[in-house]
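Observations on the three-dimensional arrangement
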Amino acid sequence: MGHNHSHGHAHSSNKRVLRISFIIITSYMIIEAVGGFLTNSLALLSDAGHMLSDSVSLVIALLAFQLGEKAASYSNTYGFRRFEIIAAMINGATLMLISLYIVYEAIIRFANPPEVATTGMLLISIIGLLVNLAVAWIMFRGGDTEHNLNMRGAFLHVISDMLGSVGAIIAAILIMVFGWGWADPLASLIVAILILRSGYFVMKDALHVLMEGTPKSVNIEELIKGIEKTEGIQSIHDLHIWSITSEMHALSCHAVVDSELTVAESEAILRSIEHELEHKGISHVTIQLETAAHSHENTILCQAKNKPLHVHHHHH
């Protein structure tokens, strides 16, 4: 019960953080875009473009939390919680697309560096950096950027945007001091690579959840040993562990038990396993108890028809 309460509290605090961040980012994005056009700086324009994607990503992340609160129904038995992962996937994809566009623009500008109004570029970049620092601090302090994939995707947008502002500041100083026109597209290129990396990791994590991969926080070997150590359990098979969304993990398996166990003893075993798994962050548990006479499987993982998975055989 306490687990649900803390989950709900984290949810509402994530939403509040996203709303504040959206207002700050969108306001400054408009200033930066106008500044980029007036100063003719690609570093500023790419940063503004990235800030636009920040705004969109924050809206998507906020929408994901709103939808995630919708109650489960007969047609959606888990509600819309998985939308958080889809939102993270969209955010990762937009990060990657933006970075590729910046790379394309930078290559064109390397060949023909345009005149840049450096004083305006420097001033706008410094304000941009302060805005991003403020938003990143609000998100880090108030939101769950470590465990919630949706929140992390939005946070990484802001962090890579902050790097964009740093790049624009360095480029402006280099152009002012040395007259290096190529510093503007170079700064954009470096930032684009960092953005690409962020996008790749968010997408990779989101895809892992969508493919129903084992949650990274779960040590599967340790978990199997823990269940099989439970008194009355002989072995387990057909084991599946997956994530419904960030911090919401599920497990199902078949457990072979001693045939002489009573109903009350079997239920006590189930409660004991469920309690143990909850401490490991697995809140949805489905265990089918069966005796050795009814067990038809001797592999930990389920085998697909005709195409066996890589299976660990368990001997007794």
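Quantities reported herein were computed from a predicted structural model and do not represent experimental measurements. (Residues numbered from 1 in each chain as written. Predicted model: local features only at pLDDT ≥ 70, side-chain atom pairs only at ≥ 80, totals over all residues. Heavy atoms only, no water.)

**A word on the pairing of strand β3 (residues 282–291)**
On a regular strand, one side chain projects to one face of the sheet and the next to the other, so that they alternate. Our working rule: One requirement defines pairing of two strands: DSSP has to find at least two bridges between them. Secondary structure follows DSSP: runs of H or I at least 4 residues long count as helices, runs of E at least 2 residues long count as strands, and numbering of each begins at the N terminus. We call a crossover right-handed when, viewed with both strands directed away from the observer, the connection leading from the first strand over the helix to the second proceeds clockwise.
Relative to β3, strand β2 (residues 248–257) runs parallel, the two sharing 9 bridges. By the bridge assignment for β3, valine 257 is matched with threonine 291. In this view, the connection linking β2 to its parallel neighbour β3 by way of helix α8 (residues 263–279) has right-handed handedness.

**Remarks on the environment of lysine 15**
Defined as follows: Using a 1.4 Å probe on the protein chains alone, a residue whose accessible area is under 20% of its type maximum counts as buried, one over 50% counts as exposed, and one in between counts as partly exposed. Note on contacts: a residue pair qualifies if any of its non-hydrogen atoms lie within 4.5 Å across the two residues.
The residue lysine 15 is located in helix α1 (residues 2–39) in this model. Accessibility expressed as a relative area gives 11% for lysine 15, which makes it buried. With 43 residues separating them in the primary sequence, lysine 15 and leucine 58 have C-alpha atoms 9.6 Å apart. The contact partners of lysine 15, leaving out residues within four places of it in the chain, are Leu62, Phe65, Gln66 and Glu69.

**Quick word on unusual backbone geometry**
Comment: phi is negative for the bulk of residues other than glycine, and the bulk of peptide bonds are trans. Residues other than glycine seldom take positive phi values, yet glutamate 212 does so here, at roughly 60°. The residue glutamate 212 is located in the loop between α6 (183–210) and α7 (220–229) in this model. Look at aspartate 238: it is not a glycine, yet its phi comes out positive at around 50°. Here aspartate 238 lies in strand β1 (residues 233–245). Residue classification places aspartate 238 among the buried positions, given a relative accessible area of 12%.

**Regarding the nonpolar core**
We count it as follows: As used in this record, nonpolar core signifies buried Ala, Val, Leu, Ile, Met, Phe, Trp, Tyr and Cys residues forming a set joined through side-chain atoms within 4.5 Å.
Of all hydrophobic cores here, the largest spans 32 residues; its most connected members are Leu18, Met121 and Met139. Listed by contribution, the elements that provide at least two residues to this core are α1, α2 (42–68), α4 (118–142), α5 (149–178) and α6. Looking at this core element by element, the count peaks at 10 residues for α5. Of all hydrophobic cores here, the second largest spans 20 residues; its members include Leu251, Ala255, Val257 and Leu270.

**A short note on the confidence of the model for the chain**
In plain terms, the rule: Confidence scores labelled pLDDT are given residue by residue by the predictor and lie between 0 and 100.
Averaged over every residue, the pLDDT of the chain is 81; the share at 70 or more is 90%. In this model residues 1–5 is a low-confidence stretch, pLDDT under 50, and it forms 1 contact with partners more than four residues away in sequence or in other chains. A low-confidence stretch, residues 304–316 stays under pLDDT 50, and its non-local contacts, those more than four residues away or across chains, total 16 contacts.

**Considerations on the pattern of salt bridges**
Stated formally: By convention in these notes, a salt bridge is any Lys or Arg side-chain nitrogen within 4 Å of a carboxyl oxygen on Asp or Glu.
Scanning the entire structure with this criterion turns up 6 salt bridges. Between aspartate 184 and arginine 109 there is a salt bridge whose closest N-O contact spans 3.6 Å. You can see aspartate 184 sitting in helix α6 and its partner arginine 109 sitting in helix α3 (residues 83–111), a full 75 residues away along the chain. Judged by its relative accessible area of 12%, arginine 109 is buried. Between glutamate 276 and lysine 280 there is a salt bridge; the shortest N-O distance is 4.0 Å. On the basis of relative accessible area, lysine 280 is assigned to the partly exposed category, the value being 31%.

**What about the sheet that holds β2?**
Strand pairing in a sheet is mediated by backbone hydrogen bonds. Such pairs are either parallel or antiparallel. So the rule is basically this: Fitted lines through C-alpha atoms serve as axes, helices being fitted only where they are in contact, and the angles separating the N-to-C directions of these axes extend from 0 to 180 degrees.
Taken in spatial order, the 3 strands of this open sheet run β1-β2-β3, and their pairing is mixed. Each end of this open sheet is capped by a strand with a single partner; those strands are β1 and β3. Here the average twist between neighbouring strands, direction ignored, is 15°. Relative to the sheet, α7 contacts β1, β2 and β3, its axis offset from that of β1 by approximately 135°.

**Concerning the packing of aromatic side chains**
For clarity, the threshold we go by: Aromatic pairing here means that ring centres of Phe, Tyr or Trp (its six-membered ring) are within 6.5 Å. Orientation follows from the plane angle: under 30 degrees is stacked, over 60 is edge-to-face, and everything else is tilted.
Under the criterion given, the structure shown has 5 aromatic pairs. Plain terms: the ring middles of phenylalanine 178 and tryptophan 180 are 4.5 Å apart, the flat faces sit at 20° to each other, and that makes the pair stacked. You can call tryptophan 180 partly exposed: its relative accessible area is 34%. Among the aromatic residues, those joined into a ring-pair cluster are Phe178, Trp180 and Trp182.

**Quick look at the packing of α4 against α5**
Counted only if it meets this: For classification purposes, an angle smaller than 35 degrees is called roughly parallel, one larger than 145 roughly antiparallel, one from 65 to 115 roughly perpendicular, and anything else oblique. It is the rotation of the near helix from the far one that decides the hand of a crossing: anticlockwise by less than a right angle makes it left-handed, clockwise makes it right-handed. Classes in brief: Ala, Val, Leu, Ile, Met, Phe, Trp, Tyr, Cys and Pro nonpolar; Asp, Glu, Lys and Arg charged; the others, Gly included, polar.
Close contact between α4 and α5 brings their axes to 8 Å; oriented N to C, the two are set at 155°. Considering their axes alone, α4 and α5 lie roughly antiparallel with respect to each other. In this structure, α4 crosses over α5, and the sense of that crossing is left-handed. Partitioned by chemical class, the residues of the contact of α4 with α5 number 23 nonpolar, 6 polar and 1 charged.

**Side note on the environment of valine 285**
Among the secondary structure elements, valine 285 is positioned in strand β3. Sequence spacing of valine 285 and leucine 270 is 15 residues, and the spatial spacing of their C-alpha atoms is 9.5 Å.

**A short note on the packing of α5 against α6**
Here α5 crosses α6 at 170°, and the two axes come no closer than 8 Å. Classified by the angle between their axes, α5 and α6 sit roughly antiparallel to one another. Here Leu149, Arg152, Gly153, Leu156, Ser160, Leu163, Gly164, Gly167, Ala168, Ala171, Leu174 and Ile175 of α5 come into contact with α6, specifically with Ala183, Asp184, Ala187, Val191, Leu194, Ile195, Ser198, Val202, Asp205, Ala206 and Val209. Per-class residue counts for the contact of α5 with α6 are 15 nonpolar, 5 polar and 3 charged.

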